[in-house]
Amino acid sequence: MQHTHFLPSCSDPLPPRFLFRLAGFADLFTRPTWSNVLVLLAGVILAPGRRTVAAALRILGQERDPGFCTFHRILNRAVWSSRAAARQLLLLLVDVFVPAGAPVVIGIDDTIERRWGPKIRARGIYRDPVRSSKGHFVKASGLRWFSAMLLVRVPWANRIMALPFLTLLAPSKRFYATKPRAPKTLLDWARQAALQIHRWLPDRYIVLVADSAFAAIEFLAAVRKHVCVVTRLRLDANLFEFAPPKRKGPGRRPIRGKPHKKLSAILTDRKVSWTRYRVSLWYGRTNRIVEIATGTALWYRGGMPPVPIRWLLVRDPTGEFDPQAFLATDLNAHPHDILAWFVSRWQVEVTFEEVRAHLGVETQRQWSDKAILRTTPALLALFSIVTLWTHDLASSRKLRPRTAAWYPKSFLTFSDAIAAVRRKIWTHQISFMSRPRRDRVEIPRHIWHRMQNALAYAA
């Protein structure tokens, strides 16, 4: 669809190829706001260090612009829907990276954005998952975000990457203390996100992969008819056989059958048949051999609806790692697929680290509620946009990773991806005012000063 306020011109801050991928987002904004969004987007990508509006304007040479407040209003005042933008981004990523008929695998997890300040009302005190361990508890002050990421294999990286598209603020109970509504837990946000994703992709088979924090019967029962959930399972979980058929006579049909053998007991049962399977990237290693056993059962707890699951036991033949159990709410899911889906979930943690290292998450300084709700999700979504742009660049020419004598590298990482995107933007902006020759490139003085400033103050 051609947008009347999207036609690229020589004054656009982004190359036409990049603008083409953003065409579907143009109708979500007014024409003046969309023009400012493109400027701010280019500045955030080019700026090193902090990702503030001021840093984005400086890298673009607009620090003397008297209308700088216009760019702040994009985040704290302008009328646009971040949820509509998330839907458009998901449809774009699925169209590019997920073949028709293939399952749409989505990883969900939460992360803590370390922020301080009395004006941040949604701030809470949480357990720091990075610095804490089983015997050491570390608190962190900040914002808790729930993020959904598309898990796909990216050709230029030769690995599965987690591409964020939907990020929601999940405050603690203290945030709701002065509000009339009941507090929403992390499971409530996950349930709403799962149902929302199903509405966005009604005709696709969706797999949600999560860690043990989302292994709750109430969550699985609420979403299992719409998506397949893959998560961990306790070895001592209360499993039961499926309910027998209703007998003749009065009385209701039983909701569960006889107790199922504990998974911890199955590990030591010599009658159980184990199948060897080669899995990639198991605990950071490639092509590791594991043994798996599987079956179906009802997971039930008093007061909760029973959930039919396919359980999966995984053990290490060498005994180096402890046995683990997983579940899938789709009884027909193949055990190999279940294990592969769950292993791919670990890329979610990689993305959280990449956005902090290369996109400045936790360096933004917005204080208003609306700006906070928009800034961090936008930076996470920018990870997916940069990945998509790099995919387009790699399809037309070979991109080489940055290597050194002490650091050989065969495939591109995200640092190489954002560097390639930055070079493309710099080349596009330089070509506005100079014509490249064979032996030299003439750079306008104001752009050269911007590049000098970026190199001198690069973090």
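This is a predicted model, so every value here is computed, not measured. (Residues numbered from 1 in each chain as written. Predicted model: local features only at pLDDT ≥ 70, side-chain atom pairs only at ≥ 80, totals over all residues. Heavy atoms only, no water.)

> Would you explain the overall build of the protein chain in this entry?
When helices and strands are tallied, the protein chain shows 13 helices and eleven strands. For a compact globule of 459 residues, the expected C-alpha radius of gyration is about 23 Å, and the protein chain comes in at 25 Å, within 12% of that figure. In terms of its C-alpha atoms, the protein chain occupies a principal-axis envelope of roughly 85 × 55 × 50 Å. The buried share of the protein chain, reckoned over its 459 residues, is 50%. Within the protein chain, contacts between residues at least 6 apart in sequence are counted, and of these 63% link residues at least 24 apart. Here the protein chain has roughly 24,300 Å² of accessible surface; of this, 53% comes from carbon and sulfur atoms. Positive and negative charge centroids in the protein chain, built from 72 and 31 side chains respectively, lie 3 Å apart. (Helix = DSSP H or I, 4+ residues; strand = E, 2+ residues; numbered from the N terminus. Rg over C-alpha atoms; globule rule 2.2 N^0.38 Å. Buried < 20%, exposed > 50% of the residue type's maximum accessible area, 1.4 Å probe, protein only. Contact = heavy atoms within 4.5 Å. Areas by Shrake-Rupley, 256 points an atom, 1.4 Å probe, with all protein chains shown as cover. Lys, Arg positive; Asp, Glu negative; His and termini not counted. Charge placed at Lys NZ, Arg CZ, Asp CG, Glu CD.)

> Sorry if this is basic, but what is going on with the packing of aromatic side chains here?
Any pair of aromatic rings gets described here by the distance separating the centres and the angle formed by the planes. Throughout the structure, instances matching the rule amount to ten aromatic pairs. Look at F146 and F214: their rings are 6.0 Å apart centre to centre, the planes differ by 65°, and that puts the pair in the edge-to-face class. One end of the pair, F146, is in strand β3 (residues 139-154); the other, F214, is in the loop between β5 (206-209) and α7 (217-223), and 68 residues separate them in sequence. For the pair F146 and F214, a shared accessibility class is recorded, and that class is buried. Following the ring pairs from residue to residue traces out a cluster consisting of F29, W34 and W80. In this structure, R315 is placed above the aromatic ring of W274, and the distance from its NZ or CZ to the ring centre is 3.9 Å. (Phe/Tyr/Trp six-rings, centres within 6.5 Å; stacked < 30°, edge-to-face > 60°. Lys NZ or Arg CZ within 6 Å of the ring centre and 35° of its normal.)

> Would you mind showing me how to read helix α10 (residues 347-358) here?
Count 3.6 residues to each turn of an α-helix, and residues three or four apart come out pointing the same way. Here α10 is twelve residues long and its end C-alpha atoms lie 16 Å apart, about the 16 Å a rise of 1.5 Å per residue gives. Along α10, the residues that are buried comprise Q347, V348, T351, F352, E354 and V355. Burial along α10 is one-sided: seen end-on, the buried residues are contained in an arc of 165°. What points out from α10, more than 90 degrees from its buried face, is the exposed set E353 and A357. Elements in contact with the buried residues of α10: β1 (104-114), β3, β4 (159-169), α9 (335-344), α11 (369-396) and α12 (414-430). Trailing α10 by a residue or two, G360 shows a phi angle of about 70°, which is positive. (Expected span 1.5 Å × (residues − 1). Arc of directions from axis to C-beta.)

> Teacher, can you tell me more about the packing of helix α4 (residues 69-76) against α11 here?
Describing two packed helices takes the angle between their axes plus the distance from one axis to the other. Between α4 and α11, the least distance of the axes is 7 Å, while the angle of their chain directions is 85°. On the basis of their axis angle, the class for α4 and α11 is roughly perpendicular. Contacts from I74, L75 and N76 of α4 reach α11 at K370, A371, R374 and T375. Considering only residue class, the contact of α4 with α11 consists of three nonpolar, two polar and two charged. (Axes fitted to C-alpha atoms, helices over the stretch in contact; angles between N-to-C directions. Parallel < 35°, antiparallel > 145°, perpendicular 65-115°, else oblique. Nonpolar A, V, L, I, M, F, W, Y, C, P; charged D, E, K, R; others polar.)

> Mind showing me how you'd approach a positive patch on the surface here?
On the surface, R17, R397, R402, R423 and K424 cluster together into a positively charged patch. Tracing the backbone through its elements, the reader meets R402 in the loop between α11 and α12. (Patch = residues over 30% accessible without salt bridge, like charges linked within 9 Å, V, L, I, M, F, W, Y side chains within 5 Å. Salt bridge = Lys/Arg side-chain N within 4 Å of Asp/Glu carboxyl O.)

> Explain the pairing of β1 here, please?
When a strand is regular, its side chains alternate between the sheet's two faces. Burial within β1 is extensive, with ten of its eleven residues counted as buried. By the bridge criterion, four bridges tie β1 to β5 in an arrangement that is parallel. By the bridge assignment, G107 is partnered in β5 with V209. By the bridge criterion, nine bridges tie β1 to β3 in an arrangement that is antiparallel. (Pairing = 2+ DSSP bridges.)

> Got a minute to help me understand a nonpolar patch on the surface in this structure?
Judged by side-chain polarity, V441, I443 and W448 come together as a nonpolar surface patch covering roughly 270 Å² of accessible area. Mapped onto the elements of the fold, W448 is located in helix α13 (residues 445-456).

> How should I be thinking about the confidence of the model for the protein chain in this particular structure?
In regions of low pLDDT, the predicted coordinates are not meant to be interpreted in detail. On average, the protein chain scores 90 in pLDDT, and the residues at 70 or more come to 94%. For residues 6-10, every residue scores under 50 in pLDDT, and the model assigns this stretch ten contacts once sequence neighbours within four places are set aside. (pLDDT = per-residue confidence, 0-100.)

> Please explain the environment of T268 as it appears in this structure.
Relative to the assigned elements, T268 resides in the loop between α8 (263-267) and β8 (275-279). Within the structure, the side chain of T268 is placed 3.1 Å from the backbone oxygen of A265, a separation counted as a polar contact. (Polar contact = N/O pair within 3.5 Å; in protein donor to acceptor, adjacent residues only side chain to side chain.)

> How should the pattern of salt bridges be read in this particular structure?
Two side chains with opposite charge may pair up if their charged atoms get near one another. Applying the stated criterion across every chain yields a total of 15 salt bridges. Where K261 meets D269, a salt bridge forms, and the shortest distance between an N and an O atom there is 2.7 Å. Residue K261 is classed as partly exposed on the basis of its relative accessible area of 42%. Measuring nitrogen to oxygen at the nearest pair gives 2.7 Å for the salt bridge that ties R315 to E291. Of the two residues, R315 is situated in strand β10 (residues 307-315) and E291 in strand β9 (residues 288-299); the sequence distance between them amounts to 24 residues. The network of salt bridges with shared partners includes R114, R356 and E362.

> Looking at this structure, I do not really get the environment of T375. What am I missing?
Positionally, T375 belongs in helix α11. Once the C-alpha coordinates of T375 and T52 are considered, the two residues, 323 residues apart in sequence, prove to be 9.5 Å apart. Setting aside anything within four residues of it in sequence, one finds T375 in contact with L75, Q364 and Q366. Polar contacts involving the side chain of T375 include one to the main-chain carbonyl oxygen of A371, which spans 2.6 Å.

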